[in-house]
Amino acid sequence: MNPHPDRRGNEKNPFREARTRSARKARTGSIFGSVARFCLLVVLGCAACGAGGMAQGYLFFTHNLPSIEKLKRYEPPIVTEFYSGDGKLMIDFATERRYVVPIDEIPKMLQNSFVAAEDQNFWHHQGVDKEAIIRAVVQNFTHGKIVVGASTITQQVAKTFLLTPERTFSRKIKEAILSIRIEKTLDKKQILYLYLNQIYLGNSAYGVEAAAKAYFGKSVRDMTLAECAMMGGLAKAPSAHNPKKNLKRALERRSYVLGRMLKDGYITQEQHDQAANAELKLASSENSNDKTAADFTEHVRRYVEKTYGSDLLYKGGLKVYTTVDVHLTEEAQRAMREGLRDLDKRQGYRGPIQTLNVQGVRQFLEAKTRSRERPLKFGDTTEGVITQIDDRHIYVRMGSYIKGDLTREYVGKILIDPSPKWWVRKPYIRPELRTRNFSEGDLPFQVGDEILVQVMDPNIRRRELYLKKYGQSDPQMKNYKYLAEDSLDYFPLVPEQEPKVEAALMLRENRTGYVRVLLGGRSFEEAKYNRAIQARRQPGSSFKPVIYAAALNKGFTCADTISDSPLALTISETGEVWRPKNYRGGFEGTVTFRKSIVKSLNIPTIRILQQIGIEHAKAYARKLGYTSPLANNFTMALGSTGVSLEEQLNAYSVFPNKGYLIPGVYIKKIVDRHGKILEEHFPPVLLEDSDYPEQPQFQQASHDPSQSTGIHDLADRGVPILRRQIDEGTAYIMTDLLQDVVQNGTATVLKKIVGRPDIAGKTGTTNENVDAWFMGFSPSYTCGVWVGFDDEYTLGEGETGGKAAAPIWGHFMKDVLKSKPVTEFPRSKAVEFRKIDPRTGMIASSNTGSEEVFKVGSGPHEMEAGLQRGAPWGYPGSDIDQF
């Protein structure tokens, strides 16, 4: 029983009370507890979901993220550079014009300019700049559009190197994650190094070094504060702030960067003011060397691409050191240009460029004025339009030059030559190339004609007259008054025209084989075809030295006599009868070996080839370096097969090189981006030669390399070890004969042009004057010139190698040799001199004879006639055993 009844007298049940109390209490706290429990569960659920979502998101964005190890192996595409023989930059090749510069060599001012302009907190943040993000959000929200970004330099490195440039939210998240990783792996200097070398800065420049060269023509190491600030301002918008395209905006951007640098404490107020007021000096984007030796550099480019591949050429940062001489190339171009213009004028006048109406004349003059970048100078060649013709003059307007308030109108006049032989009165040799048909002797001009003219220098003639009149009293011309361009009302003009005929020229050093000049045509811009190397043209008589050298090898001597009389040969391939003739017709009877080559007689040359044999001559040509297929008949004696100018050059160099064939060299050395030498070409060692002091330790070297100290070491280093291809006596005699060609033969024009005896060579002219050649050499150089039309049209009557090609060679070689003393060709110990009768080839019985050169032991005996069929060849010095 319950001892404690309730108020109603009922007995109390403690168990029931306990249950009742618990239910009541539970009912009392259920609302708050449930809410609390629910909220707690929601918070825990959200936290769990958030954590899970973040984990999933992190896993999603970090899945397959690129490794930043790539940044440690930074080897971007960089520029390949070609240098001239004296170390001048010729041209560069690149898919991205970039030069990698160590961060320690990039001026601190330049580093700071980029940091101030692009990432003010770069030195402090950990990859992502929270302050910049908040600032960007506020500004973009205020403007209602994206006006500023918040990417750090580290983020830009991540985007450039590891991500794509797409503008998406996911890419930005990945960029931020990578930036934080980069900051943990690389230090700030390494990050800035990557950024400054990789960034695109406009004007085809990638990285700060390329931009410094493109905009200021200098290295980053030499940049001023003003230039650093301008470059730092390019990062935001390279095209918009390019100073070469929009100078005003570029200067405004420079001012902004300088202000940021001042505010951030990188520069003082004084430095700021000086840089803000500094005059901007931009570099020209043109490299004159690029166009000067375009044929040469293109030939080398093809070789490098073929040998090493396009990737290494355009991305590998090679340094290619060539053998080209820029100055001599410019002289060669001048000589070629003048020679071809003279030849073109001898062929006649094609007519005006075009004929304009009144409106066309006005438009032409306006266009000339707009395009004129500098004042017109004496010697310039330019287009003009004829506006008036009277009895004495043709008046030509050439536009104006405007600079600021200065305006200079250019008007000139051509003095009419009344002679019907004036070159412009002769219609051009090729009717299909004429722009106006007119009768010979007529004046082919009319008002409205656009023509090419050259501005003459009146001072040239005035100086001559002054010296003639006052030379005794005033040899220094102290009282002579020079006429300047601005002092003339009318420029003195002469008509010009651009030649249509083509030419090629090559120059190489004899001893080293270094090719110094390579011109493959009149204009590389008009045609990339290299006529010096790619073309195969008939050499004509310039191939005859091969026949004569082969004959000397077979036993002929300079005193031997050959019959110059009618000859009929049956061509085996066709069965036709060939009756060769000399160039000017006629026959000279019996002539000596020397006279035959000096006068370039055809029939004696063919008779010599008959005696020595076609196979012997072909084999000898191979020894001289010819690789093209050669004719298998007697027309080979007259140069009937196509060969290249390069082959001719190598062959002729054998003679001044005393019998050594030294291959032509275009590249001295190629070095990769790490400094490793990929190839290097040294001057060769010449076995059995003692006349070159630069190889004294090998002057006694024998034909057996194993017996020569150091030969193996040199060979291992890539030094060519060469033996003679033809015997020394033959080489010397050919040199002597070809000197005689210049002094007394078909190239006597060179005596007047070059004016020195230490030159030798041979002219060449093909049927109907289609090809004209001159191949020649001095003790130091060998040079060759070819002239002709690409479509093998005749050059015109009388346009032989001596008239069309030799003058170009002469004017060029005069400049090449002007600083060199006259030097005799080294006399060989393998030859001797004896006096003979030049008409009969017999030993002279008195002092009336002329001195002739022979291989030792091969000369004629006293009073014995020269051999009609060639002297015996079994004497010392013959190289017949080398075949």
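Since the structure is predicted, the reported quantities are computational estimates derived from the model, not experimental observations.

Draft legend 1. Examining the overall build of the chain more closely. Secondary structure assignment for the chain yields 26 helices and 24 strands. For the chain, buried positions account for 49% of its 883 residues. Sequence separation of at least 24 residues holds for 69% of the intrachain contacts in the chain that already meet a minimum separation of 6. Accessible surface, the chain as shown: approximately 44,200 Å² in total, 52% of it carbon and sulfur.

Draft legend 2. Quick peek at the sheet that holds strand E1 (residues 80-83). In spatial order, the strands read E2-E1-E3-E16-E17; together these five strands make up an open sheet with mixed pairing. The strands lining the two open edges of the sheet, one partner per strand, are strand E2 (89-93) and strand E17 (677-680). Across this sheet, the average inter-strand angle for adjacent strands is 15°, counted without regard to direction. Taken strand by strand, helix H13 (residues 294-308) contacts E1, E2, strand E3 (319-322), strand E16 (667-671) and E17, and its axis lies near 45° from that of E16.

Draft legend 3. Representation of the packing of helix H18 (residues 544-554) against helix H24 (residues 728-744) in the model. Remark: H18 packs on H24, axes separated minimally by 10 Å, with the N-to-C direction vectors making an angle of 135°. Classified by the angle between their axes, H18 and H24 sit oblique to one another. Where H18 crosses over H24, the two elements pack in a sense that is right-handed. Of H24, the residues touching H18 (which contributes Pro-545, Tyr-548, Ala-549, Leu-552 and Asn-553) are Thr-730, Ile-733, Met-734 and Leu-738. Tallied by class, the residues present in the contact of H18 with H24 amount to seven nonpolar, two polar and no charged.

Draft legend 4. Focus on helix H17 (residues 458-470). The terminal C-alpha atoms of H17, which comprises 13 residues, lie 18 Å apart, in line with the 18 Å expected from a rise of 1.5 Å per residue. Of the positions making up H17, those classed as buried are Pro-458, Asn-459 and Tyr-466. Each buried residue of H17 lies within a common arc of 80° when the element is viewed along its axis, so the set occupies one face. Opposite its buried face, H17 presents the exposed residues Arg-461 and Lys-468, each directed more than 90 degrees away. Where the residues of H17 are buried, they touch strand E9 (491-496).

Draft legend 5. Quick peek at the confidence of the model for the chain. Looking at the chain, the pLDDT average stands at 87 and 85% of residues meet or exceed 70. When the criterion is pLDDT under 50, residues 864-883 qualifies, and its contacts beyond four places in sequence or with other chains add up to 60 contacts.

Draft legend 6. View of the packing of aromatic side chains. A full pass over the atoms with the stated rule returns 26 aromatic pairs. Summarising the aromatic geometry, the rings of Tyr-74 and Phe-161 are spaced 5.3 Å apart at their centres and angled 70° between planes, so their arrangement reads as edge-to-face. Of this pair, Tyr-74 sits in the loop between helix H2 (69-72) and E1 while Phe-161 sits in helix H5 (residues 153-162), and the two are 87 residues apart along the sequence. With centroids separated by 5.2 Å and ring planes inclined at 15°, the aromatic side chains of Tyr-83 and Tyr-321 adopt a geometry described as stacked. Of the two residues, Tyr-83 is situated in strand E1 and Tyr-321 in strand E3; the sequence distance between them amounts to 238 residues. With relative accessibility at 14%, the residue Tyr-83 sits in the buried group. What makes Tyr-321 partly exposed here is its relative accessible area of 28%. Cluster of aromatic residues (ring-pair linked, three or more members): Tyr-652, Phe-655, Phe-777 and Phe-825. The cationic tip of Lys-188 hangs over the ring face of Phe-122; the distance from NZ or CZ to the ring centre is 4.6 Å. One cation-aromatic arrangement involves Arg-430 over Phe-789; the distance from NZ or CZ to the ring centre is 4.8 Å.

Draft legend 7. Summary view of the nonpolar core. Counting 112 residues, the largest nonpolar core has Leu-505, Val-787 and Phe-812 as its most contacted members. With nine residues, helix H26 (residues 801-817) is the largest single contributor of residues to this core. When near neighbours in sequence (up to four residues on either side) are disregarded, Leu-505 contacts Ala-332, Met-336, Val-517, Leu-518, Leu-519, Leu-645, Cys-783, Gly-784, Val-785, Ile-808 and Phe-812. Of all hydrophobic cores here, the second largest spans 44 residues; its members include Ile-153, Leu-186, Leu-201 and Ala-211.

Draft legend 8. View of the sheet that holds strand E11 (residues 515-519). Read from one edge to the other, the open sheet built from five strands follows the order E11-E10-E22-E21-E20, with strand pairing classed as antiparallel. Looking along the sheet, the strands with just one partner apiece sit at the ends: E11 and strand E20 (760-765). Taken pair by pair, the neighbouring strands of this sheet meet at an average axis angle of 5°, ignoring direction. As judged from the six bridges shared by E20 and strand E21 (residues 771-777), these two strands associate in the antiparallel manner. The partner of Gly-764 across the bridge, within E21, is Trp-773. This element, H24, spans E20 and E21 of the sheet and lies at about 65° to E20. Against the sheet, H26 makes contact with strand E10 (502-509), E11, E20, E21 and strand E22 (781-788), and its axis sits at roughly 145° relative to E22, the strand it touches most.

Draft legend 9. Highlighting the pattern of salt bridges. Evaluated as defined, the whole model comprises 49 salt bridges. Note that Asp-92 is salt-bridged to Arg-97, the shortest N-O span being 2.5 Å. Judged by its relative accessible area of 28%, Arg-97 is partly exposed.

Draft legend 10. Structural context of the side chain of Thr-605. With respect to the helices, strands and loops of the structure, Thr-605 is situated in helix H20 (residues 602-612). Here Thr-605 falls in the buried class, since its relative accessible area comes to 0%. Engagement of the side chain of Thr-605 in a polar contact is seen with the side chain of Tyr-548, the distance being 2.7 Å. Not counting residues up to four positions away in its chain, the partners in contact with Thr-605 are Lys-544, Ile-547, Tyr-548, Ser-596 and Ala-637.

Draft legend 11. Layout of the pairing of E17. Taken together, the three bridges between E16 and E17 define a ladder with antiparallel strand orientation. Across the sheet, the residue bridging to Lys-669 is Glu-680, located in E17. Counting the residues in the hairpin turn of E16 and E17 gives five residues, including Gly-675, whose phi is positive at 90°.

Draft legend 12. Layout of the pairing of E3. Only one face of E3 is covered, namely the face carrying Val-320 and Thr-322; the face carrying Lys-319 and Tyr-321 is uncovered. Here three bridges tie E1 to E3, and the two strands are oriented parallel to one another. Opposite Glu-81, over in E3, you have Lys-319 as the bridge partner. Here E3 runs beside E16; their pairing, made up of four bridges, is antiparallel.

Draft legend 13. View of unusual backbone geometry. At Lys-658, a position not held by glycine, the phi torsion is positive, near 60°. Looking at where Lys-658 falls in the secondary structure, it is placed in the loop between helix H22 (645-653) and E16. For Asn-769, which is not glycine, the phi dihedral falls at a positive 55°. Positionally, Asn-769 belongs in the loop between E20 and E21.

Draft legend 14. Here's a closer look at the environment of Val-853. Within the secondary structure, Val-853 is located in strand E24 (residues 850-855). If near-sequence neighbours (up to four positions away) are discounted, Val-853 is found in contact with Cys-558, Arg-594, Tyr-732, Ile-733, Asp-736, Val-831, Glu-832 and Phe-833.

Draft legend 15. Local environment of a nonpolar patch on the surface. Nonpolar side chains collect at one region of the surface, where Ile-31, Phe-32 and Val-35 lie side by side and expose about 360 Å² of accessible area between them. When you line up the elements, Val-35 lands in helix H1 (residues 14-62). Accessibility expressed as a relative area gives 46% for Val-35, which makes it partly exposed.

Reading the values: rules and limits
Residues numbered from 1 in each chain as written. Predicted model: local features only at pLDDT ≥ 70, side-chain atom pairs only at ≥ 80, totals over all residues. Heavy atoms only, no water. Helix = DSSP H or I, 4+ residues; strand = E, 2+ residues; numbered from the N terminus. Buried < 20%, exposed > 50% of the residue type's maximum accessible area, 1.4 Å probe, protein only. Contact = heavy atoms within 4.5 Å. Areas by Shrake-Rupley, 256 points an atom, 1.4 Å probe, with all protein chains shown as cover. Pairing = 2+ DSSP bridges. Axes fitted to C-alpha atoms, helices over the stretch in contact; angles between N-to-C directions. Parallel < 35°, antiparallel > 145°, perpendicular 65-115°, else oblique. Left-handed = near helix turned anticlockwise from the far one by under 90°. Nonpolar A, V, L, I, M, F, W, Y, C, P; charged D, E, K, R; others polar. Expected span 1.5 Å × (residues − 1). Arc of directions from axis to C-beta. pLDDT = per-residue confidence, 0-100. Phe/Tyr/Trp six-rings, centres within 6.5 Å; stacked < 30°, edge-to-face > 60°. Lys NZ or Arg CZ within 6 Å of the ring centre and 35° of its normal. Core = buried A, V, L, I, M, F, W, Y, C linked by side-chain atoms within 4.5 Å. Salt bridge = Lys/Arg side-chain N within 4 Å of Asp/Glu carboxyl O. Polar contact = N/O pair within 3.5 Å; in protein donor to acceptor, adjacent residues only side chain to side chain. Patch = residues over 30% accessible without salt bridge, like charges linked within 9 Å, V, L, I, M, F, W, Y side chains within 5 Å.

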